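Next come the chains, spelled out residue by residue.
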Amino acid sequence: MKTCLVPLIAITLIACKSSDNSNDEVTPPPAIPPQIKNIEVTGDYYNVTASAECTNCNGEITYEWFYNGLSLGDGASLDIQPIFRDQSLHLKVTAYNEDLSEDSVVVARPNYATDFYLHSSGLVAKRLDGTYFGIGRGILRGVELDKLYPDTELLTIHSLNHTFLAEYEDGSTYAWGIDWNISEVEDELARGINYTTHNIFANAALMEDGSVVTWASGPMCGANGSDMFDELSSGVIDIFASRCQFAALKDDTSLVVWGYHLYDDVEELKSGVIKVVPYHWGFSIIRENGKAITLNLQNGIEVIRPEVDHVIDLQSTYGSHAALDVNGKVTVWGSNYDCDGDDISDVEDQLESGVVKLFSTFRSFAALKEDGSLVVWGSAAKFLDDEVRKELAHDVVDVLTSHNHMTVLKADGRMVTWQGHEAPDNVYHDTLTITSSPHSFAGVDHDGRVFTWGSTIGEGDDGKVEEGLKSGVANVISMPGRRSYDIGSDANYMFAIREDRKHITWGRELESERHYIESMLDYHWYLVEPGPYE
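Figured I'd write up the structure that's included with this text. Position numbers for residues start from 1 in each chain and track the written sequence from start to end. Where local features are concerned, this predicted model is filtered to residues with pLDDT of at least 70; where side-chain atom pairs are given and counted, the filter is 80 or more; whole-chain, interface and lining totals use all residues. The basis for the side-chain values is all heavy atoms of the structure; hydrogens and waters are excluded.

### So, the pattern of salt bridges
- Whenever Lys or Arg places a side-chain nitrogen within 4 Å of a carboxyl oxygen from Asp or Glu, that contact is recorded as a salt bridge. One pass over the full model with this rule turns up 13 salt bridges.
- In this structure, Lys270 engages Glu267 in a salt bridge whose closest nitrogen and oxygen atoms are separated by 3.0 Å.
- A 1.4 Å probe rolled over the protein chains alone gives each residue an accessible area, and that area as a share of the maximum for its type sets the label: buried under 20%, exposed over 50%, partly exposed in between. Taking the relative accessible area as the measure of exposure, Lys270 reaches 46% and is therefore partly exposed.
- One network of salt bridges, with partners in common, ties together Glu391, Lys410, Asp412 and Arg414.

Printed below as a string of structure tokens:
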């Protein structure tokens, strides 16, 4: 019996011990929550796409887009409806691991250039997020002007001589670019700026109270208007700039001139001035009695009084002047500078009558006659051939001018150019807008195509400029037009603003930085610090 019981007892004990061990098994550890990281957004004017990474997840990540609590759709990619293309969107990203999940909410914002401020030395673009991007000499990149004076509204930006001046609602100002000692006149500028202009060495502002403020880094060219302080303290309605002079037209029809010379002894300036035309060496003036005079610094200090009456229009080149009288006759005077427009011996008979409008470039004149013919003299006339002369003899309706070139618009819709440049055919009637830089022209037609002609169009070597101008362009802007003292400026750039808020840039000034500029101006999406989820 004993020999039989011992094994049984042992088996029983072992079985009990095995049962006790099963009650001591360790519980598996709980699942680790997923963690979302590296959320990114990319996209354009029509679509935005999100991506994210996560750890401790089973690979499933979901995306949901909201605007002010309204769900716009699920999925990593969202087609943007027009009403939301300038709005910030909330993005909810959710990652899963078994029964656990984690949410992360971020804000995606669009950004692109909305406004441009240009001059021959630089560009400042205001962007949707309130920052300002600049290119050119002394121009700061990424300036956040709205944050300089956060309690007051930014009113506008003035383009000065190699300088930009931001003006705020409370009268404060912020300037960047070349240092023109603007700090010395900050209190005066706080009275409110109406208009600004500049010559080669100085800046001037017409204030809302009718006074004029001037400043620069030195005393040259009218930087210090103290010599005419009394005359410039009130009553000014407009200001003008030549190369080294300023002029202020007052509400009593007097003209105050300061800078290189004051002309304070010229009786014709004390009353009766109705129009002022700045040019390189000074100003040409039409008086209310129909007379014209010219203030000229080219050959010393002189006042030219041409034999002309009943003047209704006046144009100037580098140093020559053309006046149109009420009888349609053109009278020319000026500097005797080669090919500057003072010599009309070849066209004098054609200018005796019938002229209805005058045009000018830096060294050429054109006169449109009532019979539809166009008379050209000066530098541009040297390049006329027989074929162009035939085109100018009839059906001319208007003339576009740049710094050195003319484009003639014909009644049948064609555009005629010369001087080695060919305008596109049969696009004028289909063209919505035409603009010019100092050396080039650009037109946008109804299909959003851009046509360019003139000097140094400057297409990129990758062909992107040409391709980007074939369709979808809403507008073209350029640097400001010819100034009377910009001698042979090489500044020549334009911007095509596309319907998809992309920007195509071209021209000599921008070619080296074109890709960087476009990346800063184009429509794109970016993330900001996570905000409250609505």
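### Observations regarding unusual backbone geometry
- Despite not being glycine, Asn68 shows a phi value in the positive range, around 50°.
- Counting from the N terminus, the helices are the DSSP runs of H or I reaching at least four residues and the strands are the DSSP runs of E reaching at least two. Mapped onto the elements, Asn68 comes out in the loop between strand 3 (61–67) and strand 4 (70–74).
- For Tyr263, which is not glycine, the phi torsion reads 55° and is therefore positive.
- With respect to the helices and strands, the residue Tyr263 is situated in the loop between strand 19 (255–259) and strand 20 (273–279).
- With a relative accessible area of 3%, Tyr263 lands in the buried category.

### Side note on the sheet that holds strand 7 (residues 100–111)
- Two strands qualify as a pair provided that DSSP identifies no fewer than 2 bridges between them. Pairing within the open sheet is antiparallel, and its five strands lie in the order 4-3-6-7-39. This sheet does not close on itself; its edge strands, each paired only once, are strand 4 and strand 39 (524–528). The average angle at which neighbouring strand axes cross in this sheet is 35°, direction not considered.
- Sheet topology places strand 3 next to strand 4; four bridges connect them, and they run antiparallel. Note that in strand 4 the partner of Trp65 across the bridge is Gly73. Helix axes use the C-alpha atoms of the stretch in contact, all axes being lines fitted to C-alpha atoms, and the angles between their N-to-C directions lie in the range 0 to 180 degrees.

### As for the state of the cysteines
- Pairs of cysteine sulfur atoms within 2.5 Å are what we label disulfides. A complete count under the given rule lists two disulfides for this structure.
- The partner cysteine of Cys54 in its disulfide is Cys57, sulfur to sulfur 1.9 Å. Between Cys54 and Cys57 the disulfide shows an S-S torsion of about 60°. By sign, it is right-handed.
- Here Cys221 is linked by a disulfide to Cys244, with a sulfur-sulfur distance of 1.7 Å. In this structure, the disulfide formed by Cys221 and Cys244 twists by about -85° around the S-S bond and is classed as left-handed. Of this pair, Cys221 sits in the loop between strand 16 (212–215) and helix 3 (229–232) while Cys244 sits in the loop between strand 17 (236–241) and strand 18 (245–250), placing them 23 residues apart in sequence. Grouping residues by exposure puts Cys221 and Cys244 together as buried.
- Regarding the disulfides, the protein carries the connectivity 1-2, 3-4 under sequence-order numbering of its bonded cysteines.

### A closer look at the packing of aromatic side chains
- Side-chain rings of Phe, Tyr and Trp (the six-membered ring for Trp) are treated as a pair once their centres are within 6.5 Å; stacked means planes under 30 degrees apart, edge-to-face means over 60, and tilted covers the remaining angles. Taken as a whole, this structure holds 11 aromatic pairs when the rule is applied.
- Geometrically, the ring pair formed by Tyr45 and Tyr46 is edge-to-face, given 5.4 Å between the ring centres and 75° between the ring planes.
- Tyr46 gets classed as partly exposed once you look at its relative accessible area, which sits at 40%.
- On the numbers, 5.3 Å between centres and 25° between planes, the contact of Tyr112 with Tyr523 is stacked. One end of the pair, Tyr112, is in the loop between strand 7 and strand 8 (113–119); the other, Tyr523, is in the loop between helix 6 (514–521) and strand 39, with 411 residues separating them in the sequence.
- Residue Tyr112 is classed as buried on the basis of its relative accessible area, which comes to 5%.
- Ring-pair connections join several aromatic residues into one group, and the members of that group are Tyr45, Tyr46, Tyr112, Tyr523 and Trp525.
- Counting as a charge over the ring demands two things of the Lys NZ or Arg CZ atom: a distance within 6 Å of the ring centre and an angle within 35 degrees of the ring normal. Across from the ring centre of Tyr45, 4.9 Å away, lies the NZ or CZ of Arg85, which sits over that ring.
- The cationic tip of Arg363 hangs over the ring face of Tyr318; the distance from NZ or CZ to the ring centre is 4.7 Å.

### Things to note about the pairing of strand 15 (residues 203–207)
- With five of its five residues buried, strand 15 lies for the most part within the structure.
- Burial along strand 15 is two-sided: the face carrying Asn203, Ala205 and Met207 and the face carrying Ala204 and Leu206 are both buried.
- Direction of pairing for strand 14 (residues 193–198) relative to strand 15: antiparallel, over a ladder of five bridges. Bridge assignment links His198 to a residue of strand 15, and that residue is Asn203.
- The turn linking strand 14 back onto strand 15 is made up of four residues.
- Here strand 15 pairs with strand 16 via four bridges, running antiparallel.

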